[in-house]
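Coordinate analysis (summary)
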Amino acid sequence: MARKKKIVIVDKELTPTVLATIENKKTGLIGLVLLFIIFGGVVYYLPEISLYVENYLHPEKTPVGSNKPNEEKPNEDDKPDINETVKHPYTNTLSITEKDLVLSNFSIVDTTLNFRITNNSKERKDLATLSYYMELYNAEDTLLQRIKVDEMAIGANTYYDASYPLQDANVSSIAFLEIVEEEYPSFVAKANEQKQALLVCKRDNETVNYLLKNNKVYQIEDIFTLNSTDPSFATVLPTYQALATTYATINGITSNVSNQGTTAIFKTTVDLSSNNANLFINKLIYANATDAKVIRFELLARGYNCE
């Protein structure tokens, strides 16, 4: 804007009084070029400017992450699921590698699954201390059975031939994976007013009772029922009687065999509060205060029916 000059009043006749004068400056070529650049920039960035003004005046209408309207968001469905179970189509030539373990030589004979586990590491692997599971699926991708693979210790660069009974032989695919306790599904046993409950797991002629307090085990009863009509009765009964005698010498364990004519019952009761390492006579015995979800999940994977 041109600066107004000071009004000068001349005390002479017929002499006009100058109220103001405005100086006009000519715009040079450089100024014209700058003007076009500014104009072009305004036109180019007009959408962003408009969006900024709209967001400033109406922030409540602005969706989260909309500052870049033209930026395409990645499709969530395209991202790989790191927790997705890898399933391998079952064939006789199937080979599954999990870290240093290789599973091969698969076969299904009648209702038995056979395979070989090779330890390719330089160290002995005791699978009882690991958390490996095998999952079996049918053609409809329905889980038929989960098997806890933990009964073997494999030396360095050696193998073990494993066999497991099948609940359903129509196996279409197999997965082999680690499942840690934190990933086990939750389970709360139905308790009484004193928060005591009983988890019962059965398989064949064995029943295991887990006595719970606040959903955590404190006592275990392992019961075998032997039928005198069983062909192996004469050989199994002396074995159980010897085990009962041995178990009874351990602090925190009571064990006996009662013969009831047509049946014999081998019962072992373990008081976990004794905190005696000798209490863990088999894999069905858990440490005191183990959560019921751990017991149930692992026994189901060992072929027991738990209620």
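This report concerns the structure included in the present document. These numbers were taken from a predicted model, which means no experiment stands behind them. (Residues numbered from 1 in each chain as written. Predicted model: local features only at pLDDT ≥ 70, side-chain atom pairs only at ≥ 80, totals over all residues. Heavy atoms only, no water.)

Moving on to the overall build of the chain. The helix and strand tally for the chain stands at four helices and 16 strands. Within the span of the chain, comprising 307 residues, buried residues form 32% of the whole. Considering only contacts in the chain between residues 6 or more positions apart, those separated by 24 or more positions represent 53%. Summing over all exposed atoms, the chain offers an accessible surface of approximately 21,000 Å²; the carbon and sulfur share of this is 54%. (Helix = DSSP H or I, 4+ residues; strand = E, 2+ residues; numbered from the N terminus. Buried < 20%, exposed > 50% of the residue type's maximum accessible area, 1.4 Å probe, protein only. Contact = heavy atoms within 4.5 Å. Areas by Shrake-Rupley, 256 points an atom, 1.4 Å probe, with all protein chains shown as cover.)

Those residues of helix α4 (residues 292-300) that sit buried are Ala 292, Val 294, Ile 295, Phe 297, Glu 298 and Leu 299. Buried residues along α4 sit against β6 (132-137), β7 (143-148), β11 (196-203), β12 (206-213), β13 (216-227) and β16 (305-306). Its side-chain oxygen 2.9 Å from the backbone nitrogen of Lys 293, Asp 291 forms the N-cap of α4. (Polar contact = N/O pair within 3.5 Å; in protein donor to acceptor, adjacent residues only side chain to side chain.)

Looking now at the nonpolar core. Of all hydrophobic cores here, the largest spans 40 residues; its most connected members are Tyr 210, Leu 212 and Leu 299. Excluding anything up to four places from it in sequence, Tyr 210 contacts Ala 197, Leu 198, Leu 199, Cys 201, Val 217, Gln 219, Ile 220, Leu 284, Tyr 286, Ile 295 and Leu 299. Judged by nonpolar contacts, the second largest core, of 24 residues, contains Phe 106, Met 134, Val 149 and Leu 166. (Core = buried A, V, L, I, M, F, W, Y, C linked by side-chain atoms within 4.5 Å.)

A few words now on the sheet that holds strand β10 (residues 173-178). As summarised here, the arrangement of the four strands in space is β1-β10-β6-β7, forming an open sheet in which the pairing is antiparallel. Strands with a single pairing partner mark the edges of an open sheet, and in this sheet they are β1 (88-89) and β7. Direction of pairing for β6 relative to β7: antiparallel, over a ladder of five bridges. Its bridge partner lying in β7, Met 134 is registered against Ile 147. (Pairing = 2+ DSSP bridges.)

Enumeration over the complete set of coordinates arrives at one disulfide. Two residues, Cys 201 and Cys 306, share a disulfide whose sulfurs are 2.2 Å apart. On the S-S bond that ties Cys 201 to Cys 306, the torsion sits near 115°, and the link is right-handed. Of this pair, Cys 201 sits in strand β11 while Cys 306 sits in strand β16, placing them 105 residues apart in sequence. Overall, the relative accessible area of 0% leaves Cys 201 in the buried class. (Disulfide = S-S within 2.5 Å.)

By themselves these figures say nothing about function.
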